[in-house]
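Remarks on the overall topology
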Amino acid sequence: RINLGLFQPDVDVVWDLDRTPWPWDTDSVTSIYASHVLEHVVRFGAVWREVHRVLVPGGVISIRVPYGSRALRDPYHLRGFYRGSIERLSHPEHTSHGPRIFERSGRVVVRRTGGFPWWHLENRLGIVVAPPWGDRELVFTLRKVDGGQA
């Protein structure tokens, strides 16, 4: 397990995700946990190609991102995500056609986040809390399709 960050203390690797190529070999990573980071990347297409490149066939990326256009209220968020985003991320160059490079794995959840960082309770204590107020987040996992070309 490698903890990656750009500004956070106590990370194993300091790296800007927009800087490609990433410092990992092709087909060398079994899983990626991206919690509230993809809405911040500038070069999303390049970053998504790197995700595909470094994941082993069958490897997964678990994603948590702000849901909908309300995410754009934050000046550091460059995009919002919707359920339809999952389908677009499953194909090369984010189209809704052509061969799949990722397939959905498991459930897709849209849940409210409130103002408190509830994901810390889940990450550290295993407690899942979905408060009925506040902003929403989209939570889903994609599995790299064996042989898919990004």
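These notes cover the structure that comes with them. (Residues numbered from 1 in each chain as written. Predicted model: local features only at pLDDT ≥ 70, side-chain atom pairs only at ≥ 80, totals over all residues. Heavy atoms only, no water.)

Structural notes on the overall build of the chain
For the record, the criterion: In this text, helices come from DSSP runs of H or I with a minimum length of four residues, and strands from runs of E with a minimum of two, each type numbered from the N-terminal end. Summary of the burial criterion: residues with accessible area below 20% of their type's maximum are buried, those above 50% are exposed, and those between are partly exposed, where the area comes from a 1.4 Å probe applied to protein chains only. Contacts between residues were defined by any pair of non-hydrogen atoms, one from each residue, lying within 4.5 Å. Here the Shrake-Rupley method, with its probe set to 1.4 Å, supplies the accessible areas, and only the displayed protein chains count as covering residues.
Within the chain one finds three helices and seven strands. Listed by position from the N terminus, the elements making up the chain come as β-β-β-α-β-α-β-β-α-β. Out of the 150 residues in the chain, the part that is buried amounts to 39%. Summarising the internal contacts of the chain: among those between residues at least 6 apart in sequence, 66% fall at separations of at least 24. When the accessible area of the chain is evaluated, it comes to approximately 8900 Å², of which 53% is carbon and sulfur surface.

Quick word on the nonpolar core
Within soluble globular proteins, side chains that are nonpolar generally end up buried alongside one another. To keep it simple, the criterion reads: Residues enter a nonpolar core if they are buried and are Ala, Val, Leu, Ile, Met, Phe, Trp, Tyr or Cys, with the set joined through side-chain atoms within 4.5 Å.
In terms of nonpolar packing, the biggest core is built from 26 residues, with Leu 38, Trp 48, Ile 61, Phe 140 and Leu 142 touching the most fellow members. Secondary structure elements with two or more residues in this core: β3 (29–35), α1 (44–54), β4 (55–66), α2 (83–89) and β7 (136–144). Broken down by element, the residue count for this core peaks at five residues, all from α1.

Brief notes about the pairing of β7
Two faces make up the sheet, and in a regular strand the side chains alternate between them. In plain terms, the rule: Strand pairing requires that DSSP identify at least two bridges connecting the strands.
In terms of residue burial, β7 counts as a mostly covered element, since seven of its nine residues are buried. Relative to β7, β4 runs antiparallel, the two sharing seven bridges. Paired with Val 65 across the strands is Leu 138, a residue of β7. Judged from the three bridges that link them, strand β5 (residues 102–104) and β7 form a sheet pairing that is antiparallel. Counterpart to Glu 103 in the pairing with β7 is Arg 143.

Points about the packing of aromatic side chains
Between two aromatic rings, the relevant description is the distance of the centres plus the angle of the planes. The condition that has to hold: Any Phe, Tyr or Trp ring, taking Trp's six-membered ring, that has another such ring centre within 6.5 Å forms a pair; planes under 30 degrees apart are called stacked, those over 60 apart edge-to-face, and the others tilted. A ring is considered to have a charge above it if a Lys NZ or an Arg CZ atom is located within 6 Å of its centre and within 35 degrees of its normal.
With the rule as written, the count across this model stands at five aromatic pairs. When the ring of Phe 44 is compared with that of Trp 48, the centres are 6.0 Å apart and the planes differ by 10°; the resulting orientation is stacked. With Phe 44 and Trp 48 both in helix α1 and four residues apart, the pair spans about one turn of that helix. For the pair Phe 44 and Trp 48, a shared accessibility class is recorded, and that class is buried. Both rings, one in Tyr 67 and one in Tyr 82, keep their centres 5.8 Å apart while their planes meet at 65°; by these two values the pair is edge-to-face. Here Tyr 82 lies in the loop between β4 and α2 and Tyr 67 lies in the loop between β4 and α2, a separation of 15 residues in the sequence. Here a set of aromatic residues connected by ring pairs shows up, and it is made of Phe 44, Trp 48, Phe 81 and Phe 102. Directly above the aromatic system of Trp 15 lies the positively charged group of Arg 19, at a separation of 3.9 Å from the ring centroid.

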